[in-house]
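# Close look at the chain arrangement
Now for the letters of each chain:
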Amino acid sequence: MKLDTLYNAVDLYRKEKIVYAHFLKPHRVLSTSRLNGGVHEGLDYLINHQSCEPRKHIDTDLVEVYVKDPPRYMKRITSKAGIETTNAAILSTAANMNNAAIQRVEFNGLEVVAVCTAGVGGNAGRAGDPASYEQTADGVQSLGTPTPPAGTIISMLFINQELSPGALLIAATVATEAKTAVLHELTTPSRYSGGLATGTGTDQIGIAAQLGTEVVHHDANK
């Protein structure tokens, strides 16, 4: 189902457990995706999807594929959406895509659209909380603490004017500060310490800014 067309340059769709953006014009994309993450200028899609159920999902086959074989995982998800290319950045969560929130803000020709899903009831954490696992040469190793339950905040932002790579990083910083501000306004506690949460242990973000516009932003601060 088509949800919207954003500033005549992005088509936004939802199909079953997947919400995805198809870029009609070139965008510079910054994302935390396991595949095609970082900064790219030639991506066709930015995808958020429900990869598992909110409970007892850590050891499922799909989660294991996501961690160990991102290209294979990407192909599985894009094929479900009817997307024939894996030239995409993909973000995953246990949140229901029917609950995705869409917010648009405009100012003097600049347009920003946020498409977000969120769950914090089980995995809310605070920067500096004790770690539960570590990455080693042999893979991910548990540190003996309980496996974190479900809970992820995913933010997809679409901007109709070009941002330099540095400005994209600034935008990601401000978006993270905004997320933390909301959690503090809601007095959301960390599940791992006595402080207020600043996010969850599995948060992800993707920001796409249209290329080739008359205005090019080299800053995106508050």
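Reference entry: report on the structure contained in this document. (Residues numbered from 1 in each chain as written. Predicted model: local features only at pLDDT ≥ 70, side-chain atom pairs only at ≥ 80, totals over all residues. Heavy atoms only, no water.)

A few words now on the overall build of the protein. Counting its secondary structure elements, the protein contains three helices and 17 strands. Here the C-alpha atoms of the protein give a radius of gyration of 17 Å, agreeing with the 17 Å that 2.2 N^0.38 yields for 222 residues. C-alpha atoms of the protein, sized along the principal axes, occupy 55 × 40 × 35 Å. Looking at the protein as a whole, 44% of its 222 residues are labelled buried. Considering only intrachain contacts with a sequence separation of at least 6, the fraction spanning at least 24 residues in the protein is 70%. (Helix = DSSP H or I, 4+ residues; strand = E, 2+ residues; numbered from the N terminus. Rg over C-alpha atoms; globule rule 2.2 N^0.38 Å. Buried < 20%, exposed > 50% of the residue type's maximum accessible area, 1.4 Å probe, protein only. Contact = heavy atoms within 4.5 Å.)

In the structure shown here, the tally under the stated rule is three aromatic pairs. Taken together, the aromatic side chains of Y13, Y20 and Y45 make up a single cluster linked through ring pairs. (Phe/Tyr/Trp six-rings, centres within 6.5 Å; stacked < 30°, edge-to-face > 60°.)

One open sheet accounts for five strands, arranged β1-β2-β3-β6-β7; its pairing is mixed. Two strands lie at the open edges of the sheet, namely β1 (2-6) and β7 (88-93), each paired on one side alone. If you compare each strand with its neighbour and ignore which way they point, the axes differ by 15 degrees on average. Note that strand β3 (residues 18-23) and strand β6 (residues 45-50) share five bridges and pair antiparallel. If you follow H22 over to β6, its bridge partner there is Y45. Contacts between helix α2 (residues 70-80) and the sheet are confined to β2 (10-15), β3, β6 and β7, with β7 contributing the most and set at about 90 degrees to the helix. (Pairing = 2+ DSSP bridges. Axes fitted to C-alpha atoms, helices over the stretch in contact; angles between N-to-C directions.)

All right, on to the pattern of salt bridges then. Applying the stated criterion across every chain, the model contains seven salt bridges. In this structure, the salt-bridge partner of E41 is R28, at a minimum N-O distance of 2.7 Å. Within this pair, whereas E41 is found in the loop between β5 (38-40) and β6, its partner R28 is found in strand β4 (residues 27-31), the two being separated by 13 residues in sequence. The exposure class assigned to R28 is buried, which follows from its relative accessible area of 8%. Salt bridges linked by common partners bring D4, R104 and E111 together as one network. (Salt bridge = Lys/Arg side-chain N within 4 Å of Asp/Glu carboxyl O.)

Below, the discussion takes up the nonpolar core. The biggest cluster of nonpolar side chains holds 20 residues, and the ones touching the most others in it are V10, F23, V115, M156 and F158. Those elements that place two or more of their residues in this core are β2, β3, β7, β9 (110-118) and β13 (153-159). Ranked by size, the runner-up nonpolar core spans 13 residues in total, among them L30, L163, A171 and I205. (Core = buried A, V, L, I, M, F, W, Y, C linked by side-chain atoms within 4.5 Å.)

Another aspect to go through is the environment of A197. Relative to the helices and strands, A197 is located in the loop between α3 (165-185) and β15 (199-200). Residue A197 is classed as buried on the basis of its relative accessible area of 0%. Those residues in contact with A197, other than ones at most four positions away along the chain, are A124, G125, R126, L183, H184, T188, P189 and S190.

Our next topic: unusual backbone geometry. Residue E16 is not a glycine yet carries a positive backbone phi of 50 degrees. Overall, E16 belongs to the exposed group, its relative accessible area being 65%.

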